[in-house]
Amino acid sequence: MTLHPLLRTSLMAAALAAASAHAQLPPPPPGGPGPLAQAPAAEQSATASGRLQRWLPNPNGEADGLLLQDGTQIAFPPHLSESLTAWLRPGDPLEVTGWHRPDAPVLRAETFQSQGRTVQDTPPTPGQRPPPPPREALTALQANGRVAQVLFNSRGDAHGLLLEDGVVVRFPPHMGTSVAALLKPGATVAVRGWGTRNALGTGMEAAQMGATPDTLQDMLGGPIGAPALRP
């Protein structure tokens with residue numbers, strides 16, 4: 001079939017107009033992409049040095065962080081706990097290199113240097129991870145005191161408290177907003193939960209936390225088989 005030249009020209013113009021309309025995407029909404037579309041802050045290499053102040057034990061009794069004497073918080077995986085705590089003592093000089101996010105007041109350690117020795121975080125090869133060491137059963141614990149320092153994870157989320165008596169309290173990061181009034185030095189807190197006491201100190205997971213024992217709020221469910229918390 002032969003198209004009339006005028007009809008063929010009209011059809012081509014319509015096709016070009018449709019293609020042009022399809023190619024022009026609508027402009028982005030005012031204000032740019034929403035929070036979910038924003039890229040996370042990029043990690044940057046960082047170094048910290050000073051003297052070891054104290055270990056930060058987790059509820060299982062392993063150190064997974066430390067504080068330098070100037071208050072700098074260093075985070076590291078718990079598989080380094082045994083080698084680091086057997087080597088370093090409070091007061092020892094220490095230089096740490098690793099990574100941090102600009103919006104997170106925590107350095108995630110990669111290498112530790114002190115007194116001529118270096119320890120580097122070398123995760124086990126996949127498939128060759130040794131079995132975890134046996135752990136003692138968690139104990140029901142209580143703590144009451146004032147906040148000495150707020151603790152953060154490597155993403156910059158508040159996930160714990162160091163009390164003035166040395167007790168380390170952990171809680172799920174997403175619960176930070178519900179206890180925001182307690183997340184400041186000098187705040188009085190009451191905590192009930194589960195954890196471990198050993199030579200590194202006391203580390204506990206908050207099952208309930210509040211400003212006083214009469215204002216406790218639930219922070220998480222207790223571990224399976226754990227003893228009931230009692231006043």
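Residues numbered from 1 in each chain as written. Predicted model: local features only at pLDDT ≥ 70, side-chain atom pairs only at ≥ 80, totals over all residues. Heavy atoms only, no water.

So, the overall build of the chain
Summing up its helical and strand segments, the chain has 2 helices and 12 strands in all. From first element to last, N terminus to C terminus, the chain shows the α and β order α-β-β-β-α-β-β-β-β-β-β-β-β-β. By residue count, 36% of the 231 residues in the chain fall in the buried class. A sequence separation of at least 24 residues applies to 54% of the contacts in the chain between residues at least 6 apart. When the accessible surface of the chain is split by element, carbon and sulfur atoms take 57% of a total near 13700 Å². (Helix = DSSP H or I, 4+ residues; strand = E, 2+ residues; numbered from the N terminus. Buried < 20%, exposed > 50% of the residue type's maximum accessible area, 1.4 Å probe, protein only. Contact = heavy atoms within 4.5 Å. Areas by Shrake-Rupley, 256 points an atom, 1.4 Å probe, with all protein chains shown as cover.)

Focus on the environment of Gln73
Along the chain, Gln73 falls in strand β3 (residues 73-75). With 76 residues separating them in the primary sequence, Gln73 and Gln149 have C-alpha atoms 9.9 Å apart.

A closer look at the pairing of strand β11 (residues 201-210)
Where burial is concerned, most of β11 is hidden: 8 out of the 10 residues are buried. Taken together, the 3 bridges between strand β9 (residues 168-170) and β11 define a ladder with parallel strand orientation. The partner of Arg170 across the bridge, within β11, is Glu205. Here strand β10 (residues 188-198) pairs with β11 via 9 bridges, running antiparallel. Following the sheet pairing, Arg192 is matched in β11 by Gln208. Here β10 folds back onto β11 in antiparallel fashion, the turn holding 2 residues. The pairing of β11 with strand β12 (residues 217-218) spans 2 bridges and is classified as antiparallel. Counted as the bridge partner of Gln208 is Asp218 from β12. Count of turn residues in the β11/β12 antiparallel hairpin: 6 residues. (Pairing = 2+ DSSP bridges.)

Section: the side chain of Asn153
Inspection of the secondary structure assignment puts Asn153 in the loop between β7 (139-152) and β8 (158-163). A polar atom in the side chain of Asn153 sits 3.0 Å from the backbone nitrogen of Arg155. At 2.9 Å, the side chain of Asn153 forms a polar contact with the backbone nitrogen of Asp157. Aside from chain neighbours lying at most four places away, what touches Asn153 is Val106, His159 and Pro173. (Polar contact = N/O pair within 3.5 Å; in protein donor to acceptor, adjacent residues only side chain to side chain.)

Some points on the pairing of β10
Across the 11 residues that make up β10, a large majority, 8, are buried. One ladder, built from 8 bridges, connects β7 with β10; its direction is antiparallel. Of the residues in β10, the one forming a bridge with Ala140 is Trp194.

A few points about the confidence of the model for the chain
Of the residues in the chain, 73% reach a pLDDT of 70 or more, and the chain-wide mean stands at 82. The model gives residues 222-231 a pLDDT under 50, and that stretch makes 16 contacts with residues more than four places away or in other chains. (pLDDT = per-residue confidence, 0-100.)

Details of the nonpolar core
Grouped together as the largest cluster of nonpolar side chains are 21 residues, with contacts concentrated most on Leu161, Leu163, Val169, Val191 and Met209. Of all the secondary-structure elements, those providing two or more residues to this core are β7, β8, β10 and β11. Broken down by element, the residue count for this core peaks at 4 residues, all from β7. Not counting the four nearest positions on each side in its chain, Leu163 is found in contact with Ala143, Arg146, Val147, Ala148, Val169 and Val189. (Core = buried A, V, L, I, M, F, W, Y, C linked by side-chain atoms within 4.5 Å.)

Quick word on the packing of aromatic side chains
A full pass over the atoms with the stated rule returns 2 aromatic pairs. Seen in terms of ring centroids, Trp55 and Phe76 are 6.4 Å apart; in terms of plane orientation they differ by 90 degrees. Their pairing is edge-to-face. In this pair, Trp55 is assigned in strand β1 (residues 44-57) and Phe76 in the loop between β3 and α2 (81-87), connecting sequence segments 21 residues apart. The exposure class assigned to Trp55 is buried, which follows from its relative accessible area of 7%. By relative accessible area, Phe76 is classed as buried at 5%. Consider the rings of Phe76 and Phe112, whose centres lie 5.7 Å apart with planes at 85 degrees: the pair is edge-to-face. With Phe76 in the loop between β3 and α2 and Phe112 in strand β5 (residues 106-114), this pair connects stretches of sequence that are 36 residues apart. Per residue, the accessibility class of Phe76 equals that of Phe112, and both read buried. Connected via pairs of aromatic rings, a cluster forms that spans Trp55, Phe76 and Phe112. Lying over the aromatic face of Trp87, Arg117 brings its terminal NZ or CZ to 4.9 Å of the ring centre. (Phe/Tyr/Trp six-rings, centres within 6.5 Å; stacked < 30°, edge-to-face > 60°. Lys NZ or Arg CZ within 6 Å of the ring centre and 35° of its normal.)

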